[in-house]
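Analysis of the macromolecular model
For reference, the chains in residue letters:
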Amino acid sequence: MPNQVCRSSGVLGSSAIVNREQSLLISIHANLIIAGNALVTVKVFDGTSASGTEVARITHSVTGHYNIEYDMHGVLCRNGIFIEITEAGSSTAEVSVEFA
């Protein structure tokens, strides 16, 4: 698509409302640092809380440093976008969500 423009949540290290309005989910970028095989889970919901419909999930628990990208192809989130980040032990997740 020519002139395709999207917005970004910026890098988030904890659960947050990304957008309160209907949106097209373009992509999710996650930087995960897994320490001691402690699980990290990132969930993205259609809605403004974790009670909405889950549309994507990233989980990892093998010690290491990972950069992950999900191309979401413009999934329609009618009720906004909410991201839930759960980190165990010393593991961390830094995530950005791109949407239009």
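Residues numbered from 1 in each chain as written. Predicted model: local features only at pLDDT ≥ 70, side-chain atom pairs only at ≥ 80, totals over all residues. Heavy atoms only, no water.

Let's shift gears to the sheet that holds strand S3 (residues 23-34). Taking strand neighbours across the sheet as the criterion, the four strands line up as S1-S8-S3-S6 in an open arrangement whose pairing is antiparallel. Each end of this open sheet is capped by a strand with a single partner; those strands are strand S1 (7-8) and strand S6 (64-77). Pairing geometry for S1 and strand S8 (residues 92-99), over two bridges, is antiparallel. Paired with Arg7 across the two strands is Phe99, which belongs to S8. (Pairing = 2+ DSSP bridges. Helix = DSSP H or I, 4+ residues; strand = E, 2+ residues; numbered from the N terminus.)

Looking now at the nonpolar core. General note: in soluble globular proteins, nonpolar side chains tend to be found buried as a group. Core analysis: the largest hydrophobic core is formed by 21 residues, its most contacted members being Leu25, Ile28, Val42, Ile81, Ile83 and Val95. Elements with a minimum of two residues in this core: S3, strand S4 (40-46), strand S5 (53-60), S6, strand S7 (81-87) and S8. No other element matches S3, which puts five residues into this core. With sequence-adjacent residues up to four places away left out, Ile28 is seen in contact with Val44, Ala56, Ile58, Ile68, Glu69, Tyr70, Met72, Val95, Ser96 and Glu98. (Core = buried A, V, L, I, M, F, W, Y, C linked by side-chain atoms within 4.5 Å. Buried < 20%, exposed > 50% of the residue type's maximum accessible area, 1.4 Å probe, protein only. Contact = heavy atoms within 4.5 Å.)

The values reported here are purely geometric and, on their own, carry no functional implication.
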